[in-house]
Amino acid sequence: MKRTLYIKFLLAYLLFGIFGFVVVATFVYGMTYERLKRDKADSMYQMATRIANTYAADLYNSETSLDAVHSELSSLSMYMEGSPIWIVNPSGRLVLDSSRVLDPVEEIVITGFDPTVTGSSYYTTGTFWGSFNQEMLSVFAPITANYKVQAYVVIHTPITGIEAKTNTFLNISYLMLIVLFLLSLIILIFFTELVYVPLRKITTATEQYAAGNMGYEFSVESEDEMGYLSASLSYMAGEIARQEDDQKKFIANVSHDFRSPLTSIRGYLVAMQDGTIPLDMYDRYLGIVINETDRLTKLTNEMLTLNNLNTRGMLLDKSDFDINQVIRNVAASFEGTCREKRIAIELILTDDTMLVNADVSKIQQVLYNLIDNAIKFSHHDSSIKIETTEKHSKVFVSVKDSGIGIPNEDQKLIFDRFYKSDLSRGKDKKGTGLGLAIVKEIIKAHEENINVISTQGVGTEFIFSLPKAAAMDAEDE
Ligand code: ATP
Ligand code: MG
């Protein structure tokens, strides 16, 4: 695949030219020749009939002499570019020839003369039964007197004259063809500029991309399909590059998050084995080891969850359920942790039941992750507010803490996988930074939204929406 498309197009162009010439040379020549011959024959025939009806008829009605007719026809012949005019009687004897004076003694007979040779037309081509040594066009017009064909007026003209005229026309046609051929070069130029050059750029780019050079940049500055194609291609390459980048970051993060617990587990186990840790301290350090393995299990589970959400993103098991009840249950599961940190969870819920339509287990996970964060990043002796409000056909759930808050510049990043703000690093060593990424994926799968409002040092509020169940909507109306 080097320049084949171009060569094909060029070949098509040349073929167009060659066929053009062939067509002109055959059809146009043939048609023009026939047409000119017929026209010539027509005018000659008119002349011949006029002669047959006037001078020649007079001759046979004995109203004039042969000499008088001869001189008339001679001058007429001159007028017709020297075309000889003959009078031939049915048996083939030449009675008069405008181009010469016939010797009355010596009879000239055209052997084989047959006036019916013209068939339905009134002319014939050839040497006129050997009378000429070149091809002639000969027209016949009968001379009738006393209701009988007495003779024929025959006018001859050399075919070469018609051929010469045809060639003149043919030359004009060739000239037109050449002009047309050159003009159609414009198409070739357009093709090169609009199709071929952009196509080359696109092919080069795809070759680069296929070879893994996703950073390769190119542009086709046109607003047609080619421009659109190349823009899409660049965009695609950009997306792939970005994904590759994300993938690399993801792997780096995963490795990092796996390595640190493994290192610490290994450290403690080795220390136990070589006796650095005395037997009576085992319980404490085994506790740490168990904690670390829990962390690894949690990380693995979270990654699996994210992966499933991504690949089967839209597979939600939706049903109508009471969001208030779900909030109460999830909040209750944090009782132990809350007691430790002396944190109070305050529930400000709408009417007793608030039915929403969503995947209950996934929403439970969302609530779990948000409350978990709220507790993690809250100070001791503070409170967390969980509130539901309804607006139109939506229910809004808010989880609000008065903890450390999130710096402004971090707020758009916290939903990214593995993202943890520096503030939280010291506070929460166990966190993997996947919790909010999972929350975001779940809410996105429900085609709903989640937002964060946070002030550093004051607190954070996460608000997400859920669709009210159809039953609830009906109740409202
Ligand atoms: P994981 O949830 O996987 O255990 P994590 O809690 O650190 O780890 P995310 O839940 O994704 O991860 O949160 C990402 C980061 O966003 C946190 O590390 C923290 O910096 C910040 N963040 C999230 N919620 C809050 C909050 N309520 N207050 C302050 N910072 C928060
Ligand atoms: Mg979290």
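Every value quoted in this text rests on a predicted model; they were computed, and no experiment measured them.

Rules and cut-offs
Every chain is numbered on its own, with residues counted from 1 as its sequence reads. For naming, the first written chain is A and the first written ligand is 1, with later ones following in the order written. Since the coordinates come from a predicted model, pLDDT governs what is reported: local features require at least 70, and pairs of side-chain atoms require 80 or more to be given and counted, while whole-chain, interface and lining totals use all residues. As a rule here, side-chain values cover all heavy atoms of the structure and leave hydrogens and water aside. Pairing of aromatic rings covers Phe, Tyr and Trp, the last through its six-membered ring, and needs centres within 6.5 Å; plane angles under 30 degrees mean stacked, over 60 mean edge-to-face, and all others mean tilted. Under the scheme used here, helices are H or I runs from DSSP no shorter than 4 residues and strands are E runs no shorter than 2 residues, and both carry numbers assigned from the N terminus. Partly exposed residues are those whose accessible area sits between 20% and 50% of the maximum for their type, while under 20% is buried and over 50% is exposed, using a 1.4 Å probe and protein chains only. Two strands pair under a simple rule: DSSP has to find at least two bridges between them. In these notes, residues near a molecule or strand are those with any non-hydrogen atom within 4 Å of it. Pairing of N or O atoms within 3.5 Å defines a polar contact, subject to two protein rules: one partner must be a possible hydrogen donor and the other a possible acceptor, and residues neighboring in sequence count only if both atoms are side-chain atoms. Methods summary: accessible areas were calculated by the Shrake-Rupley approach with a probe of 1.4 Å, and residue burial reflects only the protein chains presented. In this description, a line fitted to the C-alpha atoms serves as the axis of each element, helices being fitted only across the stretch in contact, and the angle between N-to-C directions of two axes falls anywhere from 0 to 180 degrees. Pairs of residues are marked as contacts when any of their non-hydrogen atoms sit within 4.5 Å.

A. The packing of aromatic side chains, seen in detail. On inspection of all chains with the given rule, the structure shows 22 aromatic pairs. Judged by centre distance (6.1 Å) and plane angle (5°), the ring pair of Tyr29 and Tyr33 falls under stacked. Of this pair, Tyr29 and Tyr33 both sit in helix H1 (residues 4-53), four residues apart, roughly one helical turn. When its relative accessible area of 25% is taken as the criterion, Tyr29 is described as partly exposed. When the ring of Phe113 is compared with that of Phe128, the centres are 6.0 Å apart and the planes differ by 55°; the resulting orientation is tilted.

B. Structural view of the pairing of strand S1 (residues 85-88). Of the two faces of S1, the one lined by Ile85 and Ile87 and the one lined by Trp86 and Val88 are each fully buried. Relative to strand S5 (residues 148-158), S1 is paired through four bridges, and the arrangement is antiparallel. Bridge pairing in S5 links Ile85 to Ile155. Bridging between S1 and strand S2 (residues 94-97) involves three bridges; their strand directions are antiparallel. Across the sheet, the residue bridging to Ile87 is Leu96, located in S2. Linkage of S1 to S2, two consecutive antiparallel strands, is achieved through a turn of five residues, within which Gly92 is found at a positive phi near 105°.

C. Layout of the site of ligand 1. Taken together, the neighbourhood of ligand 1 is formed by 24 residues, with Lys298, Asn373, Lys376, Thr432 and Leu436 sitting nearest. Gly435 places a main-chain nitrogen or oxygen 3.1 Å from an oxygen atom of ligand 1. Note that an oxygen atom of ligand 1 is positioned 2.8 Å from one of the backbone N or O atoms of Leu436. Starting from 590 Å² of accessible surface for ligand 1 in isolation, the protein chains cover 99%. If you list the elements that add at least two residues to the shell around ligand 1, you get helix H7 (282-311), helix H10 (360-376), helix H12 (435-445) and strand S12 (459-467). Broken down by element, the residue count for the shell around ligand 1 peaks at three residues, all from H10.

D. Molecular detail of the sheet that holds S1. Taken together, five strands build an open sheet; the order of strands is S2-S1-S5-S4-S3 and the sheet is antiparallel. Looking at the sheet topology across the chains shown, the edges are occupied by S2 and strand S3 (123-126). The sheet shows a mean angle of 25° between the axes of neighbouring strands, taken without regard to direction. Packing of H1 onto the sheet brings it into contact with S1, S3, strand S4 (136-145) and S5, and relative to S4 it is tilted by some 25°. With respect to the sheet, helix H3 (residues 66-79) is in contact with S1 and S2, its orientation differing from that of S2 by roughly 50°.

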